[in-house]
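Structural description and commentary
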Amino acid sequence: MSKIKSIHARQILDSRGTPTIEVDVITEQNILGRSSVPSGASKGENEAFELRDNEKDFFCGKGVLKAVCNVNKIISPELIGKSIFDQIYIDKLMLELDGTINKKRLGANAILAVSLSVAKAASNELKIPLRQYIGGIYANTLPIPLINIVNGGRHSNAPITFQEFMIIPVKANSFLESLQMGYKVFYQLKDILQKRGLSTSVGDEGGFSPNFNGIEDVLDHILDAIHMANYVPYDQIGIAIDCAASEFYNKDYKYYDYSKFDNKTGNSKKSKEEHVNYLSYLIKRYPIISIEDGMDQNDWDGWKLLTDEIGTDIQLVGDDLFVTQTRKLNEGIEKKIANSILIKVNQVGTLTETIETINLAKKNKYRNIISHRSGETEDSFISDFTVALNIEQIKTGSICRSERVSKYNQLLRIEEELGKHAYYPIWNNNTE
């Protein structure tokens, strides 16, 4: 039984040029497992703690040398000599070393980098694909991609209230075909923007971020692009929205302030009822089949209103609401809030805890969507992870920027490797 010989952490840069942590785990057989950790711009209040140095003269306070030190000086000595195959034990041991609820002592970024590297080293040691090591021989489902094509909110400088607008190829026959469909719509949209004299620069996740005239103008442009790509809206291509409502919710006065990112929108201050009614109006007018973070992370009454209004019609995804944690998801299940959960490994901090949350969602018939972060690295772990657990959706950005397409490319490799054994799902509109 191979054991851990060494663990070494270093500081690297993510897709925004911001420091993040990378960890090498090496076994006694000199087999390497290497992982790097992403970082979000729009973060839920209850996410596991991301440890930063907060020294203004070093990367403007964004350095992660404290997290690096915690790996090299605290975690490493405790794990050297432990079996590389005992993932659950290793993850639990790191949680005990930290000793806090949200990993504030060692940092979730430090703990997660080690956790993922251990899994990679173990799969490399056995010379089997990571997806198979985590999920077994029946790990064969390729996910439907939620492809980002317009960035707003905190992810760009565009004056758009909602954070992400995505397209979903709902009737592809393979992962490759789904990417081809997304590619056609993405570049049709680029052509439309160029012809209308709008910017085709992209935001953090690779979506376009021009000076649109509000939310409905974005949706109209996307609809035009779908038509010009010769696809049928809703039947072949659906639209997904990430409102990131916590970013424009006024906690003091309890209203949703659309003017925070978009000063063109009329009636910018909406009560929770008005905000729910507006989202309901949008799904009737446009082929929207998924809404993420439609309400503020602490607005449980608003979430209940939204779920009761449209929760049987479309996919309602909790991201900031659930932060990939079983205690938050359990609260949503008890209150019958939303019907899906976004899974981000760095919101909870270990591979083991992430799988526990996924299993809880499956048990209660909540859909799982594996997701990247806005500050990403070239690490394609989530691609293997999605297939490992047969998750039917992935959200990893646009069809541009290498840190986004690295995930798509890995999924293409996996589909090729699986060959005739690969399973590609068809979108199911039934959310009950």
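A few points on the structure. (Residues numbered from 1 in each chain as written. Predicted model: local features only at pLDDT ≥ 70, side-chain atom pairs only at ≥ 80, totals over all residues. Heavy atoms only, no water.)

1. Describing the overall build of the protein chain
Inclusion rule: Put simply, DSSP marks the helices as runs of H or I at least four residues long and the strands as runs of E at least two long, and each gets a number from the N terminus on. As defined in this context, the radius of gyration uses C-alpha atoms, and a globule is described by 2.2 Å times the residue total to the power 0.38. When a residue's accessible area, from a 1.4 Å probe over protein chains only, is under 20% of the maximum for its type it is buried; when over 50% it is exposed; and in between it is partly exposed. Two residues form a contact once any of their heavy atoms are found within 4.5 Å. Under the convention used here, a 1.4 Å probe and the Shrake-Rupley method define accessible areas, while residue burial counts only the protein chains that appear. The convention is simple: Lys and Arg are positive, Asp and Glu are negative, and His and the chain ends are not counted. Note that the charge is assigned to NZ on lysines, CZ on arginines, CG on aspartates and CD on glutamates.
Per the secondary structure count, the protein chain includes 13 helices and 14 strands. Taking 22 Å as the expected radius of gyration for a compact globule of 432 residues, we find that the protein chain reaches 21 Å, a close match to that expectation. Dimensions along the principal axes, computed over C-alpha positions, put the protein chain at roughly 60 × 55 × 45 Å. Here the protein chain, with 432 residues, has 62% of them falling under the buried criterion. Here the analysis covers contacts within the protein chain between residues at least 6 apart in sequence; of these, 71% occur between residues at least 24 apart. Summing over all exposed atoms, the protein chain offers an accessible surface of approximately 16900 Å²; the carbon and sulfur share of this is 48%. With 51 positive and 57 negative side-chain charges, the protein chain shows a spacing of 2 Å between the two charge centroids.

2. Focus: the packing of aromatic side chains
Heads up, the condition is: Aromatic contacts are taken between Phe, Tyr and Trp rings whose centres are within 6.5 Å, Trp giving its six-membered ring; a plane angle under 30 degrees counts as stacked, one over 60 as edge-to-face, and the others as tilted. Should the NZ of a Lys or the CZ of an Arg lie within 6 Å of a ring centre and within 35 degrees of the ring normal, that charge is described as sitting over the ring.
A complete count under the given rule lists 16 aromatic pairs for this structure. For the pair Phe248 and Tyr256, a centre-to-centre distance of 6.1 Å together with 65 degrees between the ring planes defines the contact as edge-to-face. Judged by its relative accessible area of 1%, Phe248 falls in the buried class. The aromatic ring of Phe49 is capped on one face by Lys104, whose charged end is 5.6 Å from the ring centroid. Positioned above the aromatic ring of Tyr278 is the side chain of Lys270, whose terminal nitrogen or guanidinium carbon lies 5.1 Å from the ring centre.

3. So, helix α2 (residues 87-98)
What counts is decided by this rule: Multiplying 1.5 Å by the helix residue count minus one yields the expected span of that helix.
Between its first and last C-alpha, α2 extends 17 Å over twelve residues, near the 16 Å set by a 1.5 Å rise per residue. In this structure, the buried side of α2 is in contact with β1 (4-13), α1 (65-79), α3 (108-126) and α11 (351-363). Where α2 terminates, the next one or two residues include Gly99, which has phi positive at roughly 75 degrees.

4. Re the pairing of strand β2 (residues 19-27)
Defined as follows: Only when DSSP finds a minimum of two bridges between them are two strands counted as paired.
Across the nine residues that make up β2, a large majority, eight, are buried. Relative to β2, β1 runs antiparallel, the two being bridged by nine bridges. Counted as the bridge partner of Ile7 is Val25 from β2. Hairpin connection from β1 to β2: five residues lie between these consecutive antiparallel strands, with Gly17 at a positive phi of about 80 degrees. Bridge count between β2 and strand β3 (residues 32-36): five bridges; the pairing is antiparallel.

5. A look at the packing of helix α12 (residues 381-388) against helix α13 (residues 402-418)
Condition: Axis definition: a line fitted to C-alpha atoms, limited for helices to the stretch in contact. Angles are taken between N-to-C directions and run from 0 to 180 degrees. Working rule for angles: under 35 degrees goes down as roughly parallel, over 145 as roughly antiparallel, 65 to 115 as roughly perpendicular, anything else as oblique. It is the rotation of the near helix from the far one that decides the hand of a crossing: anticlockwise by less than a right angle makes it left-handed, clockwise makes it right-handed.
Look at α12 against α13: their axes get within 8 Å of each other, and the N-to-C directions meet at 40 degrees. Between α12 and α13, the interaxial angle falls into the category oblique. The way α12 lies across α13 gives a crossing that is right-handed. Contacts from Ile382, Ser383, Asp384 and Val387 of α12 reach α13 at Lys407, Gln410, Leu411, Ile414 and Leu418.

6. Let's talk about the sheet that holds strand β12 (residues 340-343)
Spatially, β4-β5-β6-β10-β11-β12-β13-β14 is the arrangement adopted by the eight strands of the closed barrel, whose pairing is mixed. Each neighbouring strand pair of the sheet contributes to a mean axis angle of 30 degrees, computed without reference to strand direction. When strand β10 (residues 288-292) meets strand β11 (residues 315-318), the two strands line up parallel, connected through three bridges. Among the inter-strand pairings, Ser290 is bridged to a residue of β11, identified as Gln315.

7. Considerations on helix α6 (residues 215-228)
For α6, built from 14 residues, the straight-helix expectation of 20 Å at 1.5 Å per residue is met to within 8% by its first-to-last C-alpha distance of 20 Å. All buried positions along α6 are accounted for by Ile215, Val218, Leu219, His221, Ile222, Leu223, Ala225 and Ile226. Residues of α6 that are buried sit in contact with β4 (144-151), β5 (164-169), α5 (175-195), β6 (237-242), α7 (272-285) and β10. Looking at the residues trailing α6, positive phi occurs at Asn230, about 65 degrees.

8. Description of the nonpolar core
Note the cut-off: For this analysis, a nonpolar core means a set of buried residues of the types Ala, Val, Leu, Ile, Met, Phe, Trp, Tyr and Cys, connected via side-chain atoms within 4.5 Å.
Ranked by internal contacts, the top residues of the largest apolar core, which has 124 residues, are Ile21, Phe162 and Phe165. Counting residues per element, this core draws most heavily on α3, at ten residues. Once residues lying within four places of it in the same chain are set aside, the contact partners of Phe162 are Gly152, Gly153, Ile215, Ile241, Asp242, Cys243, Phe248, Tyr258, His275, Tyr278, Leu279 and Leu282.

9. A word on the packing of α1 against α3
Our working definition: Asp, Glu, Lys and Arg are counted as charged, while Ala, Val, Leu, Ile, Met, Phe, Trp, Tyr, Cys and Pro are counted as nonpolar; the rest, among them Gly, fall into the polar class.
In the contact formed by α1 and α3, the axes pass within 9 Å of each other and the chain directions differ by 50 degrees. It follows that α1 is oblique to α3 by the angle criterion. Between α1 and α3 the crossing geometry is right-handed. For the pair α1 and α3, contact is made by Ala67, Val71, Ile75 and Leu79 and by Asn109, Ala110, Ile111 and Val114, respectively. Of the residues that constitute the contact of α1 with α3, the class distribution is seven nonpolar, one polar and no charged.

10. A closer look at the pattern of salt bridges
What counts, and what does not: The rule for a salt bridge is simple: a side-chain nitrogen of Lys or Arg has to be within 4 Å of a carboxyl oxygen of Asp or Glu.
Here the structure, examined in full by the defined rule, presents 28 salt bridges. One salt bridge connects Asp24 with Arg10, and the closest N-O pair in it is separated by 2.8 Å. On the criterion of sequence distance, the pair formed by Asp24 in strand β2 and Arg10 in strand β1 is long-range, its members being 14 residues apart. Given a relative accessible area of 25%, Arg10 falls into the partly exposed group. Residues Arg34 and Asp24 are paired through a salt bridge, measuring 2.6 Å at the closest nitrogen-oxygen approach. Of this pair, Arg34 sits in strand β3 while Asp24 sits in strand β2; the two residues are ten residues apart in sequence, bridging distant segments of the chain. Assessed through its relative accessible area of 8%, Asp24 is described here as buried. Three or more residues are tied together by salt bridges with common partners; here these are Arg10, Glu22, Asp24 and Arg34.

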